[in-house]
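# Summary of structural features
Residue-level listing of the chains:
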Amino acid sequence: MKIVVCIKQVPDVADVRIDPETNTLIREGVPSIINPFDMYAMEEGIRLRERFGGEVIVLTMGPPQAEAALREAISMGIDQAVLVSDRAFAGSDTLATSYTLAMAIGKLGAVDLVLCGKQAIDGDTAQVGPGIAENLNWGFAAYVRKIEDAGDGEITVERLMDDGYDVVRTQLPAVMTVVKEINEPRLPSLKGKMRAKKIEIPVWSSEAIGADPERLGLKGSPTQVWKIFTPEFRRKGELLQGEPREQVDRLVAEIRRMNIV
Amino acid sequence: MDYFLSEEQLMIKELAAQIAREKVLPVRAELDEKEEFPWEIMRVLGEADMFGLYIPEEYGGLGGGILENCLAIEELSRVCIAVSVSFAASGLGAYPILLYGNAEQKQKYLPPVAGGKSLAAFGLTEPNAGSDAGGIQTTAVKDGDSYILNGTKQWITNGGEAEIYSIIAMTDRSRGARGASAFIVEKGAPGFNFGKKEKKMGIRASATRELIFEDCRIPAANLLAREGMGFIVTMKTLDKSRPGIAAQGVGLSQGAIDEAATYAKSRVQFGKPIAAQQAIQHMLADMTTQTEAARALLYAGCKFLDSNPKSISKEAAMVKLFATDTAMKVTTDAVQIMGGYGYMREYPVEKMMRDAKILQIYEGTNQIQRNVIGLELIKEYTGKKEGVAVG
Ligand SMILES: Cc1cc2nc3c(=O)[nH]c(=O)nc-3n(C[C@H](O)[C@H](O)[C@H](O)COP(=O)(O)OP(=O)(O)OC[C@H]3O[C@@H](n4cnc5c(N)ncnc54)[C@H](O)[C@@H]3O)c2cc1C
Ligand SMILES: Cc1cc2nc3c(=O)[nH]c(=O)nc-3n(C[C@H](O)[C@H](O)[C@H](O)COP(=O)(O)OP(=O)(O)OC[C@H]3O[C@@H](n4cnc5c(N)ncnc54)[C@H](O)[C@@H]3O)c2cc1C
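My aim in this report is to walk through the structure given alongside it, one point at a time. (Residues numbered from 1 in each chain as written. Chains lettered and ligands numbered in written order. Predicted model: local features only at pLDDT ≥ 70, side-chain atom pairs only at ≥ 80, totals over all residues. Heavy atoms only, no water.)

## Remarks on the interface of chain A and chain B
Counting residues at the interface gives 11 residues for chain A, matched by 18 residues for chain B. When chain A packs against chain B, the two sides together hide about 1,300 Å² of surface, and 66% of this comes from carbon and sulfur. Per-residue buried area on chain A facing chain B is highest for Leu187, Leu190 and Lys191 of chain A; these three make up 47% of the total on that side. At the boundary of chain A with chain B, the tally comes to two salt bridges. Among the salt bridges present, the one from Lys23 of chain B reaches Glu184 of chain A, with a minimum N-O distance of 2.7 Å. One can count six residue pairs in polar contact (both at pLDDT 80 or more) joining chain A with chain B. (Contact = heavy atoms within 4.5 Å. Buried area = accessible area lost by both parts, 1.4 Å probe. Salt bridge = Lys/Arg side-chain N within 4 Å of Asp/Glu carboxyl O. Polar contact = N/O pair within 3.5 Å; in protein donor to acceptor, adjacent residues only side chain to side chain.)

This is how it looks when you write it as structure tokens:
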């Protein structure tokens, strides 16, 4: 199996602040980490390689410093890494990001499976995974918590739902986003770390991936950010008053009204 | 203090520290309480390539030396020496093969140890032979293409958990110490069984068991070196592995200082943190100075040992002696600084002090280390050894 894992370098969540003027994340001086959900995607990629053979390639679109995230991926046991980086990508929204990543994946040849995190802890939209699938016109499953089987051009997975899980079967190639229930990411190994220090990481520009300049970066990003704010946390709850009997009656009526039973 | 370690050595230290922090710290109290062998942590250490640090690359290791191995042991020991001894004892069991194995033996047994797929163990001590290892009674008798082992080894670390055992047994009692030989015995060999797991004061998560040989038949090809080399194999093995016990002492001491210093800053008595009392500061100052001195001696000793000098017994013994006496003192003082809280199981220094004691006992008691150092010293001053300028 040829597996691609898309990873994003994000600011360490404990330190995230938003610039109230520009509505963008303040990234200066904040340490970067690999988006935590992407660690699960990488681990699953490695486990699939262990089960079915093949290779795992990580891909990130980002500035030159995102190379550090790719080296960390190699230290965990990923085979190859590609940095997709170009000034033309600056200011990409999820539409432009998905398009760019899809073009880069296209350049990798006969890919069987693309794994993404459920969402990025900074942008948080959870749109890039499905966006890639849409661009490639491949099958897609979100919130995957288990990969049951893969082979013969098909993959069967469990998709986490609010009230249990779905079993989904789709054709390969496909794109999946994974949740943290899927596995426990491994730590790096010493051999991996030594390999990570030495490995050459190719940098692909917009030209290298043959992208349409109109669909890249700010130009290709129709999203308009109006305001970024922390929503007020409101707990919806009601305290029932009256005698125990009355309370029970009202509770039962409320439950009926809400169609829970 | 900066010891100007190489980039690779720092990498080893960092990864071992990460494993200690993320995988050992959350479970150390529970493993101690339940006396449970840390298999999951052994698996993680194996995946991280830690078991191969001192094993040559051709056998699946990383080709480092004693220093590299000790850096990993030190970081693990900062959090738990029951875990670090289970790790380090695999090295103790593998060193006889690394030092004296022939090509086939190395090819067969070292790769699984380096990859962490199999643990190793070293069996020398018996009920009636501890410090006086020459008194071992386990025998190995050649019978065609086999050796037949009979006897009981006692208190063997990783006993029952390990797959590969380096065993010292007598092949010719009439020759005394020159009649001992070293063998590789695999778990599952016919006639090879284990006693119950010992209940211990400290390092309770580690496994200590009897190895029982009753007409245990092993292939003659499992003899290490030649018949009669058993005690040479033992001495050379202990020379290589004793710094690992020192590394346990240094890491353990550091872990105790971490706890005591943090606590002293927050514990208020007489209206101020106890850290403001000079008596406490002086204790912490001594603990830190002694630990740093032990570390400096350990690293210097390791570098010397890794340069493959002719004789290393004195240096290996000094490193082990100083670092483990330090660990006993530092952990005792850490409990003292923390008062009654330090004596309670809720705080880790209680376990650290219990654990520390073993370091002065195993791989040669600290009395025996002094004997080794003393003997070497006398040899030097009687000019028996070349290159010694006397007077
Ligand atoms: C409101 C808003 C305003 C923004 N404004 C700006 C802006 O002005 N300038 C700017 O530069 N950015 C901006 N961004 C950031 C940018 O649009 C997103 O960070 C980016 O498109 C990825 O979306 P996401 O972070 O929501 O990822 P998600 O869709 O939540 O990520 C899901 C998964 O997709 C994959 N993935 C996501 N991004 C990448 C990547 N770059 N490389 C590889 N894999 C990836 C990962 O596997 C990840 O787990 C903004 C984002 C938002 C939500
Ligand atoms: C938890 C644990 C794990 C162990 N793991 C292993 C293992 O993996 N493999 C293995 O082979 N063994 C192992 N041992 C055995 C260990 O190495 C011995 O306990 C140690 O060598 C001391 O032997 P002893 O306990 O019989 O003490 P003894 O030799 O009976 O000594 C008793 C006391 O007398 C002192 N003494 C003895 N002789 C002298 C002397 N000549 N001069 C001065 N003082 C002397 C000693 O220092 C000690 O204080 C382990 C022991 C323990 C407790």
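Once the structure has been displayed, the description carries forward.
## A word on the sheet that holds strand 7 (residues 80-84) of chain A
All names here are of chain A. A sheet is described by the order of its strands in space; here nine strands give the open sequence 11-10-9-12-8-1-6-7-13, paired in mixed fashion. The open sheet has two free edges, formed respectively by strand 11 (164-171) and strand 13 (203-204), since each of these has just one partner strand. This element, helix 4 (residues 128-136), spans strand 1 (2-6), strand 8 (113-117), strand 9 (139-151) and strand 12 (174-178) of the sheet and lies at about 175° to strand 12. (Pairing = 2+ DSSP bridges. Helix = DSSP H or I, 4+ residues; strand = E, 2+ residues; numbered from the N terminus. Axes fitted to C-alpha atoms, helices over the stretch in contact; angles between N-to-C directions.)

## Description of the site of ligand 2
All names here are of chain B. Around ligand 2 sit 18 residues in total, of which Thr125, Ser131, Thr157, Thr365 and Gln367 are the nearest. A distance of 2.7 Å separates a nitrogen atom of ligand 2 from a polar side-chain atom of Thr125. With respect to ligand 2, the side chain of Asn371 contributes an N or O atom lying 3.3 Å from a nitrogen atom. Considering ligand 2 on its own, with 970 Å² of exposed area, one finds that the protein chains cover 65% of that surface. Residue assignment for the shell around ligand 2 shows that the elements contributing at least two residues are strand 3 (146-157) and helix 11 (366-381). Each residue belonging to the shell around ligand 2 can be placed in one class, and the counts come to nine nonpolar, seven polar and two charged. The residues that make up the shell around ligand 2 include at least three from each of domain 2 (121-228) and domain 3 (232-380). (Near = heavy atom within 4 Å. Areas by Shrake-Rupley, 256 points an atom, 1.4 Å probe, with all protein chains shown as cover. Nonpolar A, V, L, I, M, F, W, Y, C, P; charged D, E, K, R; others polar. Domains from an automatic or database assignment.)

## Comments concerning the environment of Ala73 of chain A
Mapped onto the elements, Ala73 of chain A comes out in helix 2 (residues 67-76). In this structure, Ala73 of chain A is in contact with Ile7, Ile34, Met42, Val58 and Ile78 of chain A, ignoring residues within four places of it in sequence.

## Structural notes on the nonpolar core
Formed by 125 residues in total, the largest nonpolar core has its most connected members in Ile19, Leu45, Met50, Phe87, Leu149, Val185 and Leu298 of chain B. Per element, the largest residue contribution to this core is 13 residues, and it comes from helix 7 (residues 230-266) of chain B. Apart from the residues within four sequence positions on either side, Leu298 of chain B is in contact with Cys70, Pro243, Ala246, Ala247, Val250 and Val319 of chain B. Within the second largest apolar cluster, 38 residues are counted, among which are Ala81, Leu113, Ala150 and Val168 of chain A. (Core = buried A, V, L, I, M, F, W, Y, C linked by side-chain atoms within 4.5 Å. Buried < 20%, exposed > 50% of the residue type's maximum accessible area, 1.4 Å probe, protein only.)

## Some details on the packing of aromatic side chains
Summed over all chains, the structure comprises 12 aromatic pairs over all chains. Arranged with centres 5.1 Å apart and planes meeting at 90°, the rings of Tyr165 of chain B and Phe192 of chain B form a pair that is edge-to-face. Of this pair, Tyr165 of chain B sits in strand 4 (residues 164-170) while Phe192 of chain B is found in strand 6 (residues 192-194), placing the two residues 27 residues apart along the sequence. Grouping residues by exposure puts Tyr165 of chain B and Phe192 of chain B together as buried. On the numbers, 4.8 Å between centres and 15° between planes, the contact of Phe192 of chain B with Phe213 of chain B is stacked. Pair noted here: Phe192 of chain B is in strand 6 and Phe213 of chain B is in strand 7 (residues 208-219), with a separation of 21 residues, a long-range link. Residues Phe192 of chain B and Phe213 of chain B agree in their burial class; the two are buried. Members of the aromatic cluster, joined through ring pairs, are Tyr165, Phe192, Phe194 and Phe213 of chain B. If you follow Lys107 of chain A out to its NZ or CZ, it ends over the ring of Trp204 of chain A, 4.2 Å from the centre. The side chain of Arg145 of chain A reaches across the aromatic face of Tyr165 of chain A, ending 4.1 Å from its centre. (Phe/Tyr/Trp six-rings, centres within 6.5 Å; stacked < 30°, edge-to-face > 60°. Lys NZ or Arg CZ within 6 Å of the ring centre and 35° of its normal.)

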